[in-house]
Amino acid sequence: MADFETPELKEIPIIPHIKEGSMAHSKPYVAKAEFQEPLGYPGELVDNWEQVAVEKLGELTGKYRALQVFLDTCVKCGACTDKCHYYLGTSDPKNMPVARQDLLRKVYRRYYTFAGKYFPKLVGAVDMTKEVLDDWYSYFHQCSQCRRCSVYCPYGIDTAEISMAAREIMDAVGMGQKYCNEIIAKVFKIGNNLGLPEPALADTLEGLEEEVEEDTGVPVKFPLDVKGADILLVTPSADFFAEPHVDGLIGYAKVFHEAGASWTLSSYASEAANFGMFIGSYENMRRISRRVRKAAQELGVKRIIFGECGHAWRVAYAFLNTYAGPWDFLDPNYPVPQHICEYTYDLIQEGKLKFDKSENDHLTLTYHDSCNVARATRMGDKPGGQFTIPRAIIKATCNNYYDMPEDTIGEATFCCGGGGGLLTDDLMELRVKGAMPRMQAYKTVVDDHGVTHLAAICAICKTQFAKVMPYYGFGMTDVVSVHQLVSEAIILSDAPSDDDNDDNE
Ligand code: SF4
Ligand code: SF4
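A few points on the structure. This one's a predicted model, so the numbers in the text were calculated from it and none came from an experiment.

Around ligand 2 sit 13 residues, and of these Cys 74, Cys 77, Gly 78, Cys 80 and Cys 153 come closest. Considering only residue class, the shell around ligand 2 consists of 10 nonpolar, 2 polar and 1 charged.

Cis rather than trans, the peptide bond between Glu 243 and Pro 244 has omega equal to 5 degrees. Turning to its location among the elements, Pro 244 is positioned in the loop between β1 (231-234) and α12 (245-259). Backbone torsion omega between Gly 325 and Pro 326 reads 0 degrees, so that peptide bond is classified as cis. Structurally, the position occupied by Pro 326 is in the loop between α14 (310-324) and β4 (338-339). For Lys 76, which is not glycine, the phi dihedral falls at a positive 60 degrees. Mapped onto the elements of the fold, Lys 76 is located in the loop between α3 (65-73) and α4 (85-90). Assessed through its relative accessible area of 42%, Lys 76 is described here as partly exposed. In this model, Arg 147 sits at a positive phi of 70 degrees, which is unusual for a non-glycine residue. Tracing the backbone shows Arg 147 in the loop between α7 (130-139) and α8 (148-152).

In this section: the site of ligand 1. Taken together, Cys 84, His 85, Tyr 86, Pro 97, Arg 100, Cys 143, Ser 144, Gln 145, Cys 146, Arg 147, Cys 149 and Thr 159 make up the full set of residues near ligand 1. Looking at the shell around ligand 1, the elements with two or more residues in it are α4 and α5 (97-112). Grouping the constituent residues of the shell around ligand 1 by class yields 6 nonpolar, 4 polar and 2 charged.

Now for the pattern of salt bridges. Inspection of the entire model under this criterion finds 23 salt bridges. The salt bridge partner of Asp 127 is Arg 110, with a shortest N-O separation of 2.7 Å. Here the residue Asp 127 occupies a position in the loop between α6 (114-118) and α7, and Arg 110 occupies one in helix α5, the gap between them amounting to 17 residues. Put simply, Lys 178 and Glu 182 hold a salt bridge, and the shortest N to O gap is 3.2 Å. Taken together, the residues span about one helical turn, with Lys 178 and Glu 182 both in helix α10 (residues 178-189) at a distance of 4 residues. Look at Glu 182 and you get partly exposed, because its relative accessible area is 21%. Salt bridges linked by common partners bring Lys 56, Glu 59, Lys 63 and Glu 168 together as one network.

What counts and what doesn't
Residues numbered from 1 in each chain as written. Chains lettered and ligands numbered in written order. Predicted model: local features only at pLDDT ≥ 70, side-chain atom pairs only at ≥ 80, totals over all residues. Heavy atoms only, no water. Near = heavy atom within 4 Å. Nonpolar A, V, L, I, M, F, W, Y, C, P; charged D, E, K, R; others polar. Helix = DSSP H or I, 4+ residues; strand = E, 2+ residues; numbered from the N terminus. Buried < 20%, exposed > 50% of the residue type's maximum accessible area, 1.4 Å probe, protein only. Salt bridge = Lys/Arg side-chain N within 4 Å of Asp/Glu carboxyl O.

Shown next, in the form of structure tokens:
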């Protein structure tokens, strides 16, 4: 199956002995000029790259105070060392969060601290060399920016921010990552990560309408570019065709239908994902976010709702107002933005959705909290809503549910192993090994409670699990969308009854 060994799942998690350099070979493909330049970066490694890198580091620590504080405050207490799924799965000590941070910190110290300038050896400061740059390229692409380590750090040091800064510096010297930069360039050119043009999207949605009507007898609509609709749904483009994502999209459409909502998708902003975050580029994140504003204004909508996507929700929740606001042209009675789970949950609370839970009786479920949703956002108006709301939806739509062990869910959730711009085949070994802690936790509920499926609300998690679960002996279809459960169980009030069907026979 692969030219690396899949880690063994153990009953009791074991902190691995270190294997120095065991993942030094893991590097994603470098972006070519055609993917670098549209993002405003040099096409290849610039001649004076050492100087550019050091200056960029100075610029970033000057602009982002948190970054400088993170680089200055680590006391090497070691609390974070065993918290990263990539360390647990690969045993490479440079995947310990503190060691990953140190790759950047030692250069920062050399050029931007008194001790590092005059007594570099004493404080572990080093020059910016090609060896350092290569190490950065390898290990800052072994961090999914999941922020789990920051939960356990007594100072709240966020390695994700340091990884983002390192990637921004690498882009600035002309050494960007192909997967992320190619995707961002596609969003600018066509509107979504997949490069799916408007006619293809319209065809896909038409096909979905036919399929759902055939299945339910109800003309559930998947509207595109409808001017004057109330709601603009911005969803990851994977929802348009990938499995199980598309089943989630069908779920959203059924919820809108049942609520009698007027909604639309946009062919211009046909992507919720915002990979600008993964490469640490606030400028690219801003440019992508502005597309949502333009679409909302042109369509004249009153509300914006985001579909199931972890990092997209993080960008929307944390940055949409700053980058694309003010949203004074939207209806002030609704949060901007709103998550589809909040929307569905509110309707459930109001008694406006009815479910036949037995439709999901062939499944026994658990729920994977996606990192970005869990540790960088909220949902609803109560603390912890990002944990309780998706679970409440699952429990409203199915009878069999069990949580994974407490230290692997909620704020302590383990990354799927493919987040942060690492969901590319050139990093398959890393993805499989990084998924080990989550797979281990999943196995405990499979063994103890007969769990058969893992539900998620993140497009990246769904794709990653579909790919890596078979490495651990699970099925590639054992991951489901939360709104897929909604779709299966929802009772559409205008569905033809059995009597109608009998009459037609
Ligand atoms: S942010 Fe996540 S992936 Fe990165 S070092 Fe911390 S735990 Fe590991
Ligand atoms: S837990 Fe925080 S202070 Fe301790 S070693 Fe890790 S990053 Fe440094």
